[in-house]
Amino acid sequence: MNLRDSIRTIPDYPKPGIMFRDITTLLGNPRAFRRAVDELVQPWAGLKIEKIAGIEARGFILGGAVAHQLSGGFVPIRKKGKLPHETVSIAYSLEYGVDEMEVHRDAVLAGEKVILVDDLIATGGTACAAAQLLRNLGAEVVSACFIVDLPELGGRAKLEAMGVPVRVLVEFEGH
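Residues numbered from 1 in each chain as written. Predicted model: local features only at pLDDT ≥ 70, side-chain atom pairs only at ≥ 80, totals over all residues. Heavy atoms only, no water.

Caption draft 1: Seen up close, helix 4 (residues 125-136). The end-to-end C-alpha distance of helix 4 is 16 Å, a good match for the 16 Å that 12 residues give at a rise of 1.5 Å each. Positive backbone phi, approximately 95 degrees, marks G138, located one or two places after helix 4. (Helix = DSSP H or I, 4+ residues; strand = E, 2+ residues; numbered from the N terminus. Expected span 1.5 Å × (residues − 1).)

Caption draft 2: Structural view of the layout of surface pockets. Of the pockets and cavities examined, the largest pocket occupies roughly 1,100 Å³. Lining of the largest pocket is provided by 37 residues; of these, R58, L94, L120, A122 and T126 occupy positions nearest its centre. Broken down by secondary-structure element, the contributors of at least two residues to the lining of the largest pocket are strand 2 (19-22), helix 3 (58-70), strand 4 (73-79), strand 5 (87-94), strand 6 (97-104), strand 7 (113-121) and helix 4. Grouping the constituent residues of the lining of the largest pocket by class yields 19 nonpolar, seven polar and 11 charged. (1 Å grid on protein atoms, 1.4 Å probe; cavity = no way out; pocket = protein on both sides within 12 Å on 5 of 7 lines; lining within 4 Å. Points joined across faces, edges and corners; volume = space filled by probe spheres on them. Nonpolar A, V, L, I, M, F, W, Y, C, P; charged D, E, K, R; others polar.)

Caption draft 3: How the structure looks around the pairing of strand 9 (residues 166-171). Pairing between strand 8 (residues 140-149) and strand 9: five bridges, direction parallel. Within the sheet, the bridge partner assigned to F146 lies in strand 9 and is V168. Crossover strand 8 to strand 9 through helix 5 (residues 155-161) is right-handed. (Pairing = 2+ DSSP bridges. Right-handed = clockwise from strand over helix to strand, strands pointing away.)

Caption draft 4: Inspection of the packing of helix 2 (residues 30-41) against helix 3 at higher detail. Direction vectors running N to C along helix 2 and helix 3 enclose 60 degrees, while the axes themselves pass 10 Å from each other. Relative to helix 3, the element helix 2 is oriented oblique. Where helix 2 crosses over helix 3, the two elements pack in a sense that is right-handed. Across the interface between the two elements, F33, R34, V37, D38, L40 and V41 from helix 2 touch I61, L62, A65, V66, Q69 and L70 from helix 3. Per-class residue counts for the contact of helix 2 with helix 3 are nine nonpolar, one polar and two charged. (Axes fitted to C-alpha atoms, helices over the stretch in contact; angles between N-to-C directions. Parallel < 35°, antiparallel > 145°, perpendicular 65-115°, else oblique. Left-handed = near helix turned anticlockwise from the far one by under 90°. Contact = heavy atoms within 4.5 Å.)

Written as structure tokens, this is what we have:
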């Protein structure tokens, strides 16, 4: 089974010229979903990973499955104002402005090994901010994992420049 073939491409979404890589078709295919999770987990099987942090929203789906497979806890990283307890936040730049995400202050402990998970890495703004947010709490970000990378947009290189190893399963050229 080729994971790439299980990802739908939607042209001109959300705006003209963008080729949207839709993983909902992968998630809906039991064999593809299982294979993707197994491949994301494989490098860390048997190692002590305390937490998996998932970026809202598709990172929750993947992160929960990865956390289950690795017997680790799950940490949701959410848009500002969505978490009920005491939080820490970080602002980050997007191509159209600035956004903010947050995590519960007690979600990770200093020194815990954490893997960051999301569906796709593009420009890297969100993923870099999430990794920094976890580091601000004292976590060791062991890796960032994504199903899809859009290498022309440079996000992977930005994460790696921060010292975060990156694992991706599929690359798509273009936007």
